[in-house]
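Chain by chain, the residues run as shown.
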Amino acid sequence: MPKQKALIIMVDDNPANLRIGKNILSDKYVVATAPSAEKLFNLLSSNIPDLILLDVDMPEMDGYQTIKLLKSKAETKDIPVIFLTARAESDAELAALSLGAMDYITKPIQPALLLKRIEVHLLVEEQKKTLEHQAAELKYFNDNLQKMIDEKTQNILQLQNALLKTMAELVEYRDDITGKHIERTQRGLRILLNEVIQSGLYKEETKGWNIDLLVQSCQLHDVGKIFISDNILRKPGKLSNDEYEDMKIHTHVGKQIMEKVEILADESEFLRYAKIFATTHHEWWDGTGYPNKLKGNDIPLLGRIMAIADVYDALISVRPYKKAYSHKEAVQIILEGSGTHFDPTLIKIFNKIADRFKE
C-alpha cells in the first residue's frame, strides 16, 4: 500500500508566493494554502497537517503571533513550523527559533533547498514518533521477557542511530559546501583513535574508550551550526571578522545542545563524548583557539585528536574562498602546525599513518 502523502499548510499573504510554493511542493506533498493566520486556524479546525510553512510579515496577525498561538493550544503545539520569509536578519531568525520554530528559510525560495529541508524535518519527526512508540512498548515488558526486551532495545538503538545521522545530515545540508565532511572526519578520527591506543601513549586518558561510540558521537561535532544564520553558512566567499566571530559561537551552542539532552538522558557516555567533540575541536595547542582558549593538555585529548581529522578534511575540500589542497599539501600544513595548532605528540602519530588518510 503506497505511503500517504504528508499534508503541508503554507501561510503567506502574497498569492504569488503561495502559487510558487504549491507548484514546488505538490509533486511530493498534499499542499493547502492560507493567505492569513485566520484562514490557517480555520483549516486547523478540521485538518491537522504534518508541517506548517509560515511567513513572518502578514497583516492583522504576523508569523510570531501565529506561532505563539499555535504553541499555546494542545491540539496544535506539536505541529512542526518552518518560517519561510523574506526577512534575513539574524535577530528575526533567532526570535523565530526561540518561539519554537524548527527551522528558518529565507526567500526567494530555492526549490531544492526547501524540498530537502522539509524532507529532513519530516523524517526527524517520523523517527521521533517511532522512538516514542518503541520506548512505550519497552516500558510494557517485564524482566521475564528478556529476549524480547533485548530485541526492542536493539531496534531503538538502530532508530537512535538513524535519528543521529539525520541530525548530522541536516547540519551538513545547511552548510552545503562541506559535502561529505562528517563521513570523512569519522573515518579519519577512527584511524587516529586506533593508532593512539596501539601506540601506548596517553594510556590513562584512553583507558576504557569505546571506539565505535566515539566515532558515532563525533557526528555531532558541528551540531551547533544548526543555529548559525544561512547568510553566514552559505556565504559564497570568505567571512568578515564579525561573521567569523558569529561562526565561532557554534561551539558554545553545540555544548548547550548536548547539556540540554544530558538532562533528559542522565549519565550518557555517548553525550559526554559528543559534548567534548562539539566544544573543543577548535581549540589550539598554543592557546589561541576557541571557544575557551584552552592550552596544551588542558584541551581534552578527544578534542585534540578531532582537530586533526577536522582540519585535514577542511584542507582537502573545495571552499568558496580556497582551492582543495592535495593530500601531500594538507599533510605538510598539519605537520607545520605541530606545537601551535596541534599536539606535537599526536602529530608524530599522524605523520606515521598519514597515507591511510589518503586511502
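Novice: Go over the overall build of the protein chain, please, and point to the residues and values.
Specialist: Scanning the protein chain from terminus to terminus reveals 15 helices and 5 strands. Here the contacts in the protein chain between residues at least 6 apart in sequence split such that 61% fall between residues at least 24 apart. Accessible surface computed for the protein chain: about 18,800 Å², of which carbon and sulfur atoms make up 53%.

Novice: Could you give an account of the packing of helix H13 (residues 301–316) against helix H15 (residues 344–358), with specific residues and numbers?
Specialist: Two elements in contact, H13 and H15, have axes separated by 12 Å at closest approach and are oriented at 40°. Classified by the angle between their axes, H13 and H15 sit oblique to one another. In the crossing of H13 with H15, the sense of the turn from one axis to the other is right-handed. Side by side, H13 and H15 meet where Leu301, Arg304, Ile305, Ile308, Ala309 and Tyr312 of the first sit next to Leu346, Ile347, Phe350, Phe357 and Lys358 of the second. Taken together, the residues of the contact of H13 with H15 break down into 9 nonpolar, no polar and 2 charged.

Novice: Which residues make up empty space enclosed by the protein, and what values go with them?
Specialist: Applying the stated rule across the entire model yields 2 cavities of 30 Å³ or more. Estimates place the volume of the second largest cavity at around 40 Å³. Taken together, Glu283, Trp284, Trp285, Ile299, Arg304, Ala307, His341, Phe342 and Asp343 form the lining of the second largest cavity. Residues of the lining of the second largest cavity, tallied by class, amount to 5 nonpolar, 1 polar and 3 charged.

Novice: Any chance you could break down the nonpolar core for me, citing the residues and the numbers?
Specialist: Leu193, Ile305, Ile334 and Phe350 are the most contacted members of the largest nonpolar core, which totals 39 residues. Only helix H7 (181–199), helix H9 (211–217), helix H12 (269–280), H13, helix H14 (327–336) and H15 provide two or more residues apiece to this core. For this core, the element with the most residues is H13, which contributes 10 residues. Discounting residues that sit within four places of it in the chain, Phe350 has contacts with Leu192, Ile308, Tyr312, Val331, Ile334, Leu335 and Phe357.

Novice: Can you break down the side chain of Thr280 residue by residue, with the values?
Specialist: Here Thr280 is to be found in helix H12. A polar contact is formed between the side chain of Thr280 and the backbone oxygen of Ile276, at a distance of 2.6 Å. Setting aside residues no more than four positions away along its own chain, Thr280 makes contact with Ile299, Pro300 and Gly303.

Novice: So, helix H3 (residues 63–72): which residues are in play, and what are the values?
Specialist: Along an α-helix, residues three or four apart share an orientation, since each turn contains 3.6 residues. Listed in full, the buried residues belonging to H3 are Gly63, Tyr64, Thr66, Ile67 and Leu70. All buried residues of H3 lie within an arc of 160° about the axis, which places them on one face of the element. Away from its buried face by more than 90 degrees, H3 exposes Lys68 and Ser72. Two or three places before Tyr64, at the opening of H3, Asp62 has a side-chain oxygen 3.0 Å from that residue's backbone nitrogen.

Novice: An account of the pattern of salt bridges is requested, with residue identities and associated values reported.
Specialist: If you walk through the whole model with that rule in mind, you get 16 salt bridges. Through salt bridges with shared partners, a single ionic network connects Asp12, Asp55 and Lys107.

Novice: Now, about unusual backbone geometry: what can you tell me, with residues and values included?
Specialist: The omega torsion of the bond from Lys107 to Pro108 falls at 5°, within 30 degrees of zero and hence cis. Looking at the element boundaries, Pro108 is found in the loop between strand S5 (103–106) and helix H5 (111–140). Between Tyr290 and Pro291 the backbone carries a cis peptide bond, its omega angle lying at 15°. For Pro291, the location among the structural elements is in the loop between H12 and H13.

Novice: Give me the lowdown on the sheet that holds strand S4 (residues 81–85), citing residues and values where you can.
Specialist: Read from one edge of the open sheet, 5 strands run S2-S1-S3-S4-S5, paired in parallel fashion. Single-partner strands in this sheet number two, and they are strand S2 (30–34) and S5. Sheet twist, expressed as the mean angle between neighbouring strand axes with direction ignored, is 20°. Pairing geometry for strand S1 (residues 7–11) and S2, over 5 bridges, is parallel.

Conventions adopted
Note that residues are indexed from 1 along each chain, following the sequence as it is written. Whole-chain, interface and lining totals are the exception, using all residues; otherwise, since this is a predicted model, local features are given only for residues with pLDDT of at least 70 and side-chain atom pairs are given and counted only at 80 or more. By convention in this description, side-chain values take in all heavy atoms of the structure and omit both hydrogens and water. Numbering goes from the N terminus for both helices and strands, where a helix is a DSSP run of H or I of at least four residues and a strand is a run of E of at least two. Contacts were defined at the residue level, with two residues in contact if any of their heavy atoms lie within 4.5 Å. Residue exposure ignores everything except the shown protein chains as possible cover, and the areas themselves are Shrake-Rupley values with a 1.4 Å probe. Only the stretch in contact is used when a helix axis is fitted, and all axes are lines through C-alpha atoms; the angle between N-to-C directions ranges over 0 to 180 degrees. For classification purposes, an angle smaller than 35 degrees is called roughly parallel, one larger than 145 roughly antiparallel, one from 65 to 115 roughly perpendicular, and anything else oblique. For any helix crossing, the convention is left-handed if the near helix is rotated counterclockwise from the far helix by under a right angle, and right-handed if that rotation is clockwise. When residue character is reported, Ala, Val, Leu, Ile, Met, Phe, Trp, Tyr, Cys and Pro are called nonpolar, Asp, Glu, Lys and Arg charged, and the others, Gly included, polar. Only protein atoms enter the 1 Å grid used here, on which a cavity is any set of points holding a 1.4 Å probe that cannot leave and a pocket is any open set flanked by protein within 12 Å on both sides along at least five of seven lines; residues with an atom within 4 Å of a point are listed as lining. Grid points are joined across faces, edges and corners, and a volume is the space filled by probe spheres set on the points. We define a nonpolar core as any set of buried Ala, Val, Leu, Ile, Met, Phe, Trp, Tyr and Cys residues linked to one another through side-chain atoms lying within 4.5 Å. Under the scheme applied here, a residue whose accessible area is under 20% of the maximum for its type counts as buried, over 50% as exposed, and between as partly exposed, the area being computed with a 1.4 Å probe on protein chains only. Counting of polar contacts relies on pairs of N or O atoms within 3.5 Å, with two restrictions inside protein: one atom must be capable of donating a hydrogen and the other of accepting it, and residues adjacent in sequence are counted only when both atoms are side-chain atoms. Arc, as used here, means the arc of the directions from the helix axis to the C-beta atoms. Any carboxyl oxygen of Asp or Glu that lies within 4 Å of a side-chain nitrogen of Lys or Arg is treated as forming a salt bridge with it. A strand pair is defined by DSSP finding two or more bridges across the two strands.

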